[in-house]
Amino acid sequence: MRVIDREEVARKLTYEVCIPLVRQAMIAFSRGETRQLLRAIIPLADGRMFGIMPGALGERAVFGAKLISVFPDNFARGMQSHQGVVVLFDGETGAPVCVAHAGEITAIRTAAASAVATDALARPAASRLAVLGYGEQAATHIRAIGRVRRLSRVSVWGRDPGRAAAFAERMGAETGIATVAAKDAEACVAEAEIVCTVTNAREPILLGRWITPGAHLNLVGSSYAGPTEVDHDVVTVSRFVADSREGVLAQGAEFLKAREAGLVGDDHVVGEIGQVLAGDIPGRQSPDQITVYKSLGHVVQDLAAAKALYEAG
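Remember, it's a predicted structure, so these values are computed and weren't measured experimentally.

1. A word on the overall build of the protein chain
Across its full length, the protein chain holds 12 helices and 15 strands. Computed over C-alpha atoms, the radius of gyration of the protein chain comes to 18 Å, within 12% of the 20 Å expected from 2.2 N^0.38 for 313 residues, which places it in the range of a compact globule. Here the C-alpha coordinates of the protein chain stretch approximately 55 × 40 × 40 Å along the principal axes. Each of the 313 residues in the protein chain was classed as buried or not, and the buried ones make up 56%. Put simply, 71% of the contacts in the protein chain that link residues at least 6 apart link residues at least 24 apart. Distance between charge centroids for the protein chain: 2 Å, based on 33 positive and 35 negative side chains.

2. Examining helix H6 (residues 161-175)
Every α-helix winds through 3.6 residues per turn, so residues three or four apart in the chain are directed the same way. The first and last C-alpha atoms of H6 sit 21 Å apart over 15 residues, in line with the 21 Å expected at 1.5 Å per residue. Regarding H6, the residues found buried are Ala164, Phe167, Ala168, Met171 and Gly172. Along the axis of H6, the buried residues cluster in a sector spanning 130°; they form a single face. Within H6, the exposed residues directed more than 90 degrees away from the buried face are Glu169 and Ala173. Structurally, H6 contributes buried residues whose contacts are with helix H5 (136-148), strand S9 (153-157) and strand S10 (178-181).

3. Some details on the environment of leucine 303
The residue leucine 303 is located in helix H12 (residues 299-312) in this model. Here the alpha-carbon distance between leucine 303 and glycine 55, two residues 248 residues apart in the chain, equals 7.9 Å.

4. Things to note about unusual backbone geometry
Located in the positive-phi region is aspartate 46, a residue other than glycine, with phi close to 60°. Along the chain, the position of aspartate 46 falls in the loop between strand S3 (40-43) and strand S4 (49-56).

5. Observations concerning the packing of helix H4 (residues 102-121) against H5
H5 packs onto H4 with a crossing angle of 40° between their chain directions and a minimal axis gap of 8 Å. One element, H4, and the other, H5, form an angle in the oblique class. The two elements H4 and H5 meet at a crossing, and its hand is right-handed. Two secondary-structure elements touch here, H4 through Glu104, Thr106, Ala107, Thr110, Ala111, Ala112, Ser114, Ala115, Thr118 and Asp119 and H5 through Glu136, Gln137, Thr140, His141, Ala144, Ile145 and Val148. The class makeup of the residues in the contact of H4 with H5 is seven nonpolar, seven polar and three charged.

6. Some remarks on the environment of glutamate 193
As for its placement among the helices and strands, glutamate 193 is situated in the loop between helix H7 (185-189) and strand S11 (194-197). Here the alpha-carbon distance between glutamate 193 and alanine 139, two residues 54 residues apart in the chain, equals 18 Å. Leaving out residues up to four positions away in the same chain, glutamate 193 has contacts with Arg123, Ala125, Ala126, Ser127, Arg128, Gly214, Ala215 and His216. In terms of polar contacts, glutamate 193 uses its side chain to reach the backbone amide nitrogen of serine 127, at 2.8 Å.

7. Focus on the packing of helix H2 (residues 15-30) against H5
Packing of H2 against H5 brings their axes to within 11 Å, and their N-to-C directions diverge by 75°. When the axes of H2 and H5 are compared, the pair comes out roughly perpendicular. Contacts from Tyr15, Glu16 and Ile19 of H2 reach H5 at Thr140, Arg143, Ala144, Arg147 and Val148. In terms of residue class, the contact of H2 with H5 is made up of four nonpolar, one polar and three charged.

8. Things to note about the side chain of glutamate 254
Within the secondary structure layout, glutamate 254 lies in helix H10 (residues 253-260). According to the relative accessible area criterion, glutamate 254 is buried, its value standing at 2%. Separated by 3.0 Å, the side chain of glutamate 254 and the backbone nitrogen of glutamate 229 make a polar contact. Setting aside chain neighbours within four positions, we find glutamate 254 in contact with Ser222, Pro227, Thr228, Glu229, Val230, Val235 and Lys294.

What counts as what
Residues numbered from 1 in each chain as written. Predicted model: local features only at pLDDT ≥ 70, side-chain atom pairs only at ≥ 80, totals over all residues. Heavy atoms only, no water. Helix = DSSP H or I, 4+ residues; strand = E, 2+ residues; numbered from the N terminus. Rg over C-alpha atoms; globule rule 2.2 N^0.38 Å. Buried < 20%, exposed > 50% of the residue type's maximum accessible area, 1.4 Å probe, protein only. Contact = heavy atoms within 4.5 Å. Lys, Arg positive; Asp, Glu negative; His and termini not counted. Charge placed at Lys NZ, Arg CZ, Asp CG, Glu CD. Expected span 1.5 Å × (residues − 1). Arc of directions from axis to C-beta. Axes fitted to C-alpha atoms, helices over the stretch in contact; angles between N-to-C directions. Parallel < 35°, antiparallel > 145°, perpendicular 65-115°, else oblique. Left-handed = near helix turned anticlockwise from the far one by under 90°. Nonpolar A, V, L, I, M, F, W, Y, C, P; charged D, E, K, R; others polar. Polar contact = N/O pair within 3.5 Å; in protein donor to acceptor, adjacent residues only side chain to side chain.

This is the structure:
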């Protein structure tokens, strides 16, 4: 059985590889060509959790699971918050053939999926990006979004101003894009045409009234029912697209809380990004429309990434 470590994942799973790979995986998922169960989550102490995500790329294709722990306090230790493995099984023999580093796959494929959604839903000329958060996903999202839009400016906000400033300086030097740390979340998203929320916030840090008409939002930080990064207004005013409709109706915290408040029904989730990509439902309908891509992440993305790495040798 082959083991693919973090360094190999980082070296071979480039955005040029991962973005089209994730795009095709999302289309296949929405067409019902893949198989998966809703993730099972075991809560642990201090906001930590352990998740199990099983799935298959088709009835005779590779299958497997991601076993993943999420420890937000790892950030202070200089470690990835997501730790685990993706286990790949052969579709013909049922034999396990590969174990890959799940933390690095998750970091790259999540940002690649947001880039796919941004390319489909953001205005073509959108160039101003706001990122709420300064952890690993903030960095990968800046890199990935820059592959699908010509960015002219990136603004960053986080709870620690010093860390936000250091992150902005580092990413500006890496990308060559003017990157600044904003004084607060409202200032960060002012005039932003693309917004990514990649925090571990448990209560809203982004309010709908701050959002510029025509903006596109990737809601990424909350991956289970509970923590919410945005308020009800963000949900209600937007054209709301899911990575998995079933997943969002069961575990999409921001949507669920707006529904519990009686502000939206299930039909507010207009569909899945795979349906938009396939042309089955419209994406953006007007220049001033606010669009939301709610990202929970599904194992089909992880399995497609692991399969590509395994086959690359």
